[in-house]
Each structure stands twice: as structure tokens, then as C-alpha cells.
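Residue strings, one per chain:
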Amino acid sequence: MTKQEALHNISNLSALVVGDVMMDAYLFGKVERNSPEAPVPVVLMTGRDERAGGAANVARNVQALGADVHLATVIGNDPAGIRLIELFKARGMGVEGCILSKGRPTTVKTRIIRDEAHMLRVDEETDEEISTELSASLLSSCISILDNKRIDVLIFEDYDKGVLTQTLISGLIGEAKKRKIPVAVDPKLKGFLNYRGVDLFKPNLKELREGLEQEVDIPEGLPSAIGSLHEKIHPIVSLTTLGNFGMWVHAPSEGVVNTHFPCRPSKVIDVSGAGDTVIATAALMLASGASPSQIAETANIAGGLVCEQSGVVTVDLKTLLSEI
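Just so it is clear, the structure is predicted and the values come from calculations on it, not from any experiment.

A. Summary view of the overall build of the protein chain. When helices and strands are tallied, the protein chain shows 10 helices and 13 strands. Radius of gyration (C-alpha) of the protein chain: 20 Å, near the 20 Å computed for a compact globule of 324 residues. Its C-alpha atoms put the protein chain at 65 × 45 × 40 Å along the principal axes. Going through the 324 residues of the protein chain one by one, you find that 54% of them count as buried. Of the roughly 14,400 Å² of accessible surface on the protein chain, a fraction of 49% belongs to carbon and sulfur atoms.

B. Inspection of the nonpolar core at higher detail. Counting 60 residues, the largest nonpolar core has Val17, Val62, Leu71, Phe88, Ile155 and Leu239 as its most contacted members. At nine residues, the largest contribution of residues to this core is made by helix α8 (residues 274-287). Leave out the neighbours within four places in its chain, and Leu71 touches Leu16, Val17, Val21, Ala55, Ala56, Ala59, Phe88, Met93, Gly94, Val95, Gly97 and Cys98.

C. Quick peek at helix α2 (residues 55-64). A large share of α2 lies buried, amounting to nine of its 10 residues. Residues Ala55, Ala56, Asn57, Val58, Ala59, Arg60, Asn61, Val62 and Gln63 constitute the buried set of α2. Phi for Gly66, located one or two positions after α2, is positive at around 105 degrees.

D. Structural context of empty space enclosed by the protein. Within the structure shown, the criterion is met by one cavity of 30 Å³ or more. Counted as a void, the largest cavity has a volume near 80 Å³. The wall of the largest cavity is formed by Asp20, Val21, Met22, Val74, Ile75, Arg104, Pro105, Thr107, Thr126, Lys161 and Val163. The set of elements that each furnish at least two residues to the lining of the largest cavity consists of β2 (21-34) and β4 (68-76).

E. Seen up close, the pairing of strand β1 (residues 14-19). Counting buried positions along β1 yields six of six residues, so the element is predominantly enclosed. Residues Ser14, Leu16 and Val18 line one face of β1 and the alternating positions Ala15, Val17 and Gly19 line the opposite face, and both faces are buried. Relative to β4, β1 is paired through five bridges, and the arrangement is parallel. Of the residues in β4, the one forming a bridge with Val18 is Ala72. Here five bridges tie β1 to strand β8 (residues 153-157), and the two strands are oriented parallel to one another. What sits directly across from Leu16, in β8, is Leu154.

Cut-offs applied
- Residues numbered from 1 in each chain as written.
- Predicted model: local features only at pLDDT ≥ 70, side-chain atom pairs only at ≥ 80, totals over all residues.
- Heavy atoms only, no water.
- Helix = DSSP H or I, 4+ residues; strand = E, 2+ residues; numbered from the N terminus.
- Rg over C-alpha atoms; globule rule 2.2 N^0.38 Å.
- Buried < 20%, exposed > 50% of the residue type's maximum accessible area, 1.4 Å probe, protein only.
- Areas by Shrake-Rupley, 256 points an atom, 1.4 Å probe, with all protein chains shown as cover.
- Core = buried A, V, L, I, M, F, W, Y, C linked by side-chain atoms within 4.5 Å.
- Contact = heavy atoms within 4.5 Å.
- 1 Å grid on protein atoms, 1.4 Å probe; cavity = no way out; pocket = protein on both sides within 12 Å on 5 of 7 lines; lining within 4 Å.
- Points joined across faces, edges and corners; volume = space filled by probe spheres on them.
- Pairing = 2+ DSSP bridges.

Set out below in C-alpha cells:
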């Protein structure tokens, strides 16, 4: 199978994305004076925007590549949470796995932007784990989706906000294995070692260092660190993103051992959302039957395309195919 064939097959796939969802809010304005009340600028608003972020941005990337997507999460039963559900439905995402909780605030990250410059960010959130009851309800909802919808790949998107409990992770991995559904993971620190036996594990360099609790020099320290990673969680494929150094792929059972894929030449403008694009692309290529090397090459290009644009954007299938 060629990379192009694998990409064309994505339109036949459907993904379940499970993880931390948030609202990315933007206030745009201009500054013409300082406040008389404190030594701070006064921002005269000229516009606002709101976008579904976190795991929902991974879901958006899945859709942009042509696949269907279902989203599973716990958010607050508050105006931001209700608005997120509206945004998901408007985009045609499956929301059967989205649970609204009265006792939990929806994560909202509000950015104040002056003339395209980021001035300030205000966060409203909790990072406490969801309750045992909510975790059980979310697991039940995900199992129902697996039973009643065609799901070709399960994607965990972890932002350390408390949705992905150890019980939920192990339960869903077990259910996916029963159904022979591949599992891809974009991890964070708290649950880094909870994803044992998954098909694809995609940390970035910072997450690798924090998760293994060791310094990792690149490139000379990577083989040892990646070896330790595989000893601890036994993924079939690990795909470590390294910023402008590219990607490092290790899949010994597939004949790919500590292989480096450099970044494609590009003008980096904004790295926001690149990791979400990489995990969505890698997971769909995995489900499409691509090899570890094909997965890495394609995801590497997709991530680079995102970095050439300002803000959190997605890459569509036509654009990606033109760059392969």
C-alpha cells in the first residue's frame, strides 16, 4: 500500500476521540490608551471568536481528513459546555459520548489579541479527576458507541484535565482489543504510563522527558529513552515529535528501529495545534493500514503544514495529498 492509497482510504473510516475538551475563546481589539485605574492598556474590542479545542480539535482534524468522528468527554453543564455541544452538532460530530456534569466547570481558555499579538490568556478550569461514577458513565457511553457505530480507530487525547482516568483508559483499551480496533494515544504527564499495550503512542520531547523522569538529549539520547519507553508501556509503534528536529519512530516488531524523519523544509509561523494534527493523521493512517514509516512521513508533513499558518488550523486531505 502506498501513502496515497492509505490517505484515500481515510474517507471510509470512522474514529472515536476520547479525552479533555475545552473552549478556546478569543477577544480581538486595538489599544489606543492606557487605563487611568492601573498601568495597563485598555483594549477596545473589535471582535470575538470561539472554537472547540483540546480533544475536539483532534476531532476537527479527523473530519478535515475526510473521516467520520465521534467525541467522548465530560464537560460542565454550564453555558460553555452547552455551547460546545452545539458546535459539535453543527460540525456533524457524534456526541453520544459527551456527558454534561453539573459539578464540573467546562475548561475555557480566553485569549486577548491585539493586532494579531497575544497579550493575555485567562483560564477557567479544573484538573481534578472526574468522579468514579462519571468515569463509569463515560466508559459505558464509549462501549455503547463501539457496539452500535462502526469505529475504525480509538484516539485518546490527554490534556491532564482529569477526564482520562486510569480505570477509563484500561477499560477502553481492553474493549478496543476485543474488537481488534487500533488504539492511538497523545499523552500528557499524569497518565503517561497508563497506556500499556496500545498500537501507537505519540509523545513530544517534553512529554517523553517528563513521563520517563529523565533528561533526553537529541539525537544521541533518544535510542535509550525510547527503549525505556517501550519496556514500560509496550506500544507497537512510538512516534515522538521533536519540534524542528522532526520525528523519531520506533516499531521493532514492524522492522522499524530508531528511525529519524527530519522536518520538511518550511517557514514556521505558529506551532499551535500541530500536535493535534499529527495524532489525527497518524491514527487514521494506522487504521488505513499504513506502515510505521508511512505513518511518520505523512504525519510529519501534516504537522509541518499546520505550522506554516497562523492560529489553530486543520489540514484537509486534498492539501495533504498534494504534498506527499
